[in-house]
Amino acid sequence: NIIFIISLPRAGSTLLQRILTAHPSIHSTSESWLLLPQFYALQSGQVFSEYSHTSAAGAINDFCQTLPEGKNTYLKETANLAIRLFQESTPSGKKYYLEKTPRNTLIVNDLIEAFPNSKFVFLWRQPLACAASLIETSGKGHWNLYKHSVDLYDGLINMTKAIASNPEKIIPIQYEKLLSSPEQTIIKLLNKLDLDDNSLLLEQFKDVTFGGRMGDPTGIKMYSSLSKEPLEKWKSTFNTPTRHYWASRYLKWLGPERLSVMGYDYASLEAELDSIKL
């Protein structure tokens, strides 16, 4: 049994991962990035390699045509490989392996198709706050969003399309509600995962750490308990004319429809942005 946390980077996925992994039925590791190269093997023109990925993708797609169910057979067997590896990583007695790799947003539709019996938790965060957090953490305050356009645009589009086409397979939650109503949010999530309620998770998660080089060390170092502090910090990042202009353009690109799918109100967010003193 696999739980996928699907989110943009800096959306609180490491926090949620730590809380859930504190449950005795769940095991997790640092970001595996295991599935991205396997699913991108079919995509030409998007990966650069010494062996010529574009040629390889064409050959693999040709090979898939010889399989009983074509691409579906490839996806199914790739999923079986991942399941076996996740099982090998998971101690006995655990019910779930939790997989959290932010750029899984780029393959989320293939994941939903390949893992029909898995749980998909979509963690949303107000997108301007995600962008601001990327600047303040990985950019150390310097503009770096050009490095994350694939997340802020392609990843977000994939998530909104996936939840529109597979609403019954997705459990949506919001980062803001996780911080403002943590116990209620976690209990509701545990019920949807068919797990016993465990209010101690909100105290025990601070002891959960993951090895490996990938993941988010920032929140682990800063927050040993849930804090509402991150909810308003984004405004101070967009308090210059140039940054405010980018935020306004990004908000217009998001539009009311996408934001509604995510659970946010366009007019309210526009008013918040306009209230920032430059």
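Here is what the cut-offs are and how they apply
- Throughout this description, residue numbers start from 1 for each chain and increase along the sequence as written.
- Residues qualify for local features only when their pLDDT is at least 70, as the model is predicted, and side-chain atom pairs are given and counted only at 80 or more; totals for whole chains, interfaces and linings, by contrast, use all residues.
- Note: side-chain values were computed over all heavy atoms of the structure, leaving out hydrogens and water.
- Helix and strand assignments come from DSSP, with helices taken as H or I runs of at least 4 residues and strands as E runs of at least 2, each series counted from the N terminus.
- As defined in this context, the radius of gyration uses C-alpha atoms, and a globule is described by 2.2 Å times the residue total to the power 0.38.
- Burial classes follow relative accessibility: with a 1.4 Å probe on protein chains only, a residue under 20% of its type's maximum area counts as buried, one over 50% as exposed, and anything between as partly exposed.
- By definition in these notes, contact holds between two residues if any of their heavy atoms fall within 4.5 Å.
- Per-residue accessibility takes into account occlusion by the displayed protein chains alone, with areas from the Shrake-Rupley method and a 1.4 Å probe.
- Neither His nor the chain ends contribute to the count of charged residues, in which Lys and Arg are positive and Asp and Glu negative.
- Think of each charge as sitting on NZ of Lys, CZ of Arg, CG of Asp or CD of Glu.
- Each nonpolar core is a collection of buried residues, namely Ala, Val, Leu, Ile, Met, Phe, Trp, Tyr and Cys, held together in the definition by side-chain atoms within 4.5 Å.

Caption draft 1: Expanded view of the overall build of the protein chain. Secondary structure assignment for the protein chain yields 14 helices and five strands. In terms of C-alpha radius of gyration, the protein chain reaches 19 Å, essentially the compact-globule figure of 19 Å for 278 residues. If one aligns the C-alpha atoms of the protein chain with their principal axes, the spans along those axes are about 60 × 45 × 35 Å. Counting every position in the protein chain, which comprises 278 residues, the buried fraction comes to 49%. Counting contacts in the protein chain only where the partners sit at least 6 residues apart, residues at least 24 apart contribute 77% of the total. Taken as a whole, the protein chain presents about 13900 Å² of accessible surface, with 51% of it coming from carbon and sulfur. The centroid of the 29 positive side-chain charges in the protein chain is displaced by 4 Å from the centroid of its 28 negative side-chain charges.

Caption draft 2: Structural detail: unusual backbone geometry. With a phi angle near 50 degrees, Lys 140 is a residue other than glycine that sits in the positive phi range. Residue placement: Lys 140 occurs in the loop between helix 6 (127–136) and helix 7 (149–165). Residue classification places Lys 140 among the exposed residues on the basis of a relative accessible area of 70%. Positive phi outside glycine occurs at Asp 194, with the angle close to 60 degrees. With respect to the helices, strands and loops of the structure, Asp 194 is situated in the loop between helix 9 (182–192) and helix 10 (201–204). With a relative accessible area of 51%, Asp 194 lands in the exposed category.

Caption draft 3: View of the nonpolar core. Phe 115, Phe 122 and Phe 238 are the most contacted members of the largest nonpolar core, which has 56 residues in total. Once residues within four sequence positions are removed from consideration, Phe 115 is found in contact with Ile 2, Phe 4, Leu 35, Phe 39, Ala 79, Ala 82, Ile 83 and Phe 120.

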